[in-house]
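# Inside the fold
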Amino acid sequence: MADSIVFFNKDVLIIKPPKKSSVVLRLIVLVFSMVFGVYICSICFKQTKNKFVDIEVIERPCYNTLVDRSQIPYLHYPNPKTFDRSECAGNPVRLFAILSMQRSGSGWFETLLNSHINVSSNGEIFGSKIRRSNISSIIRTLDSVYNLDWFTSSSKNECSAAIGFKWMLNQGLMEHPHEIVDYFNDNGVSVIFLLRRNMLRRLVSVLANSYDKDAKVLNGVHVSHVHSHEEASTLSKYKPTINIASLTLDLREMEATAIKALKYFNGTRHMILYYEDLIKNPSKLIEVQDFLKLPHMKLTSQQVKIHKGPLSKHIKNWDDVNKTLYGTSYAKFLQADY
């Protein structure tokens, strides 16, 4: 078909293309666009499908907006490998460690804590030398405990509000103080120092406990703690003989160890408790619960104290001990009675 020529005037010439060719060209462009669009959509769909397959659903805990912001570093939401916290996943857990010395009342104190429905204190976990053989083993053990993957008879499982254990100063703690302080601070672990003011009473308890490891007075079995007054009376019959020559030095070393521990871990969030204060003033347990931000409960223990009354009843060479310490800074230990 010949092109149409239209003259508007003598200076303008407009040539109109044939209408049929224009329609065909538009149809071709439209079909091409549709095919190309379908191709692009199919590629996008495949990519999107693959992404959906690789998506990992991450559940975030529901944080309590009323919590004091200064406490956020000490709130944790563990994701244990060994069980599902289920409905308790949004409940924060506080981490703690009881730092103490043998025969300072830590076993009794821990039973008091574990009588709280929201507390799991897992005992002397670093009593095993393998777990404290190096800092890597220590960190690995700490991670397991604080992630709720450590099971003991005191474990409250998914709904615990405070998780911890007791750590004796001679169980690797003083060998790696800087690394452990960093771990405590990085992970928001609160420290409870439990010490004994009267180191002479502690020494008596240490010697008596050491004797029973071999003697096994109660039915041929060694026990460090008892749950009846009869058992306590039986164990207390043994009176250790104290080495007078090294007594003053021994007491000084005990105090120095406690002072060094306080210095090492002073940079952590901590509180200091004394066994004597807990014995005389049960309200101290309220301070502990406040420190761990726990609801107040009456804490109880079935353990019975072994060495009661004046020390003169529990030391075989009492007169020698009395003469050695009289007039020294340790003379105050002679009179303590609780």
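First things first, this report covers the structure right here in the doc. (Residues numbered from 1 in each chain as written. Predicted model: local features only at pLDDT ≥ 70, side-chain atom pairs only at ≥ 80, totals over all residues. Heavy atoms only, no water.)

We now examine the overall build of the protein. Each helix and strand counted, the protein has twelve helices and eight strands in total. In the protein, which comprises 338 residues, the proportion classed as buried is 40%. Taking all contacts inside the protein whose residues are at least 6 apart in sequence as the whole, residues at least 24 apart take part in 74%. When the accessible area of the protein is evaluated, it comes to approximately 20200 Å², of which 56% is carbon and sulfur surface. (Helix = DSSP H or I, 4+ residues; strand = E, 2+ residues; numbered from the N terminus. Buried < 20%, exposed > 50% of the residue type's maximum accessible area, 1.4 Å probe, protein only. Contact = heavy atoms within 4.5 Å. Areas by Shrake-Rupley, 256 points an atom, 1.4 Å probe, with all protein chains shown as cover.)

Quick look at helix α6 (residues 199-215) now. When the terminal C-alpha atoms of α6 are compared, their 24 Å separation across 17 residues agrees well with the 24 Å that a helix rising 1.5 Å per residue should span. The set of residues buried in α6 consists of Met199, Leu200, Arg201, Arg202, Leu203, Val204, Ser205, Ala208, Asn209 and Asp212. For α6, the secondary structure elements touched by its buried residues are α7 (229-236), α8 (244-264), α11 (318-325) and α12 (332-335). The distance from a side-chain oxygen at the start of α6 to the backbone nitrogen of Leu200 is 3.1 Å, and the residue carrying that oxygen is Asn198. Downstream of α6 by one or two residues, Lys216 has phi in the positive range, about 50 degrees. (Expected span 1.5 Å × (residues − 1). Polar contact = N/O pair within 3.5 Å; in protein donor to acceptor, adjacent residues only side chain to side chain.)

The N-to-C vectors of helix α3 (residues 135-146) and helix α5 (residues 177-186) enclose an angle of 25 degrees; their axes lie 11 Å apart at closest approach. Relative to α5, α3 is oriented roughly parallel. In this structure, the crossing between α3 and α5 has a hand that is right-handed. Between α3, through Ile135, Ile139, Leu142, Asp143 and Tyr146, and α5, the contact on the second element is made entirely by Glu179, Ile180, Tyr183 and Phe184. (Axes fitted to C-alpha atoms, helices over the stretch in contact; angles between N-to-C directions. Parallel < 35°, antiparallel > 145°, perpendicular 65-115°, else oblique. Left-handed = near helix turned anticlockwise from the far one by under 90°.)

Take the pairing of strand β7 (residues 189-195) next. The buried fraction of β7 amounts to seven of the seven residues, a majority that puts the element mostly inside the structure. Across six bridges, the pairing between strand β3 (residues 94-100) and β7 is parallel. Each residue of the ladder has a partner; that of Leu95, found in β7, is Val189. Bridging between β7 and strand β8 (residues 270-274) involves five bridges; their strand directions are parallel. The residue bridging Phe193 from the neighbouring strand is Ile272, located in β8. (Pairing = 2+ DSSP bridges.)

Of all hydrophobic cores here, the largest spans 31 residues; its most connected members are Leu99, Leu142, Tyr146, Phe165, Trp167, Phe184 and Phe265. At the level of secondary structure, the elements contributing two or more residues to this core comprise β3, α3, α4 (169-173), α5, β7 and α8. Apart from the residues within four sequence positions on either side, Leu142 is in contact with Phe126, Phe165, Trp167 and Tyr183. Judged by nonpolar contacts, the second largest core, of 21 residues, contains Phe96, Leu113, Leu194 and Leu299. (Core = buried A, V, L, I, M, F, W, Y, C linked by side-chain atoms within 4.5 Å.)

Turning to the packing of α6 against α8, a few remarks are in order. Between two packed helices, both the angle of their axes relative to each other and the distance between the axes serve to describe the pair. Where α6 meets α8, the closest approach of the two axes is 10 Å, and the angle between their N-to-C directions is 105 degrees. Judged by the inter-axis angle, α6 sits roughly perpendicular to α8. Mapping the contact onto sequence places Met199, Leu200, Arg202 and Leu203 in α6 and Leu247, Leu251, Met254 and Glu255 in α8.

Moving on to the side chain of His116. Position of His116 among the secondary structure elements: in the loop between α2 (106-114) and β4 (119-121). A distance of 3.0 Å separates the side chain of His116 from the backbone nitrogen of Asn118, its partner in a polar contact.

A full pass over the atoms with the stated rule returns three salt bridges. Between Glu124 and Lys166 there is a salt bridge, and its shortest N-O distance comes to 3.7 Å. With Glu124 in the loop between β4 and α3 and Lys166 in strand β6 (residues 166-168), this residue pair connects regions lying 42 residues apart in the sequence. The class of Lys166 is buried, set by a relative accessible area of 8%. We note a salt bridge from Glu287 to Lys284, for which the minimum N-O separation is 3.6 Å. Taken together, the residues Glu287 and Lys284, both in helix α10 (residues 284-291) and three residues apart, mark about one turn of the helix. Residue class for Glu287 comes out partly exposed when judged on its relative accessible area of 38%. (Salt bridge = Lys/Arg side-chain N within 4 Å of Asp/Glu carboxyl O.)

The next point concerns the packing of aromatic side chains. Under the defined criterion, the tally for this structure stands at ten aromatic pairs. For the ring pair Tyr146 and Tyr183, a centre distance of 6.5 Å and an interplane angle of 20 degrees mean the geometry is stacked. Of the two residues, Tyr146 is situated in helix α3 and Tyr183 in helix α5; the sequence distance between them amounts to 37 residues. The class of Tyr183 is buried, set by a relative accessible area of 9%. Connected via pairs of aromatic rings, a cluster forms that spans Phe126, Tyr146, Phe165, Trp167, Tyr183, Phe184 and Phe265. Its end group placed over the ring of Tyr274, Arg197 keeps NZ or CZ at 4.0 Å from the ring centre. For Arg269, the ring lying beneath its charged end belongs to Phe291, and the centroid distance is 4.2 Å. (Phe/Tyr/Trp six-rings, centres within 6.5 Å; stacked < 30°, edge-to-face > 60°. Lys NZ or Arg CZ within 6 Å of the ring centre and 35° of its normal.)

This part takes up α7. If you check which residues of α7 are buried, you get Ala232, Leu235 and Ser236. Down the axis of α7, the buried side of the element spans an arc of 95 degrees, and every buried residue falls inside it. (Arc of directions from axis to C-beta.)

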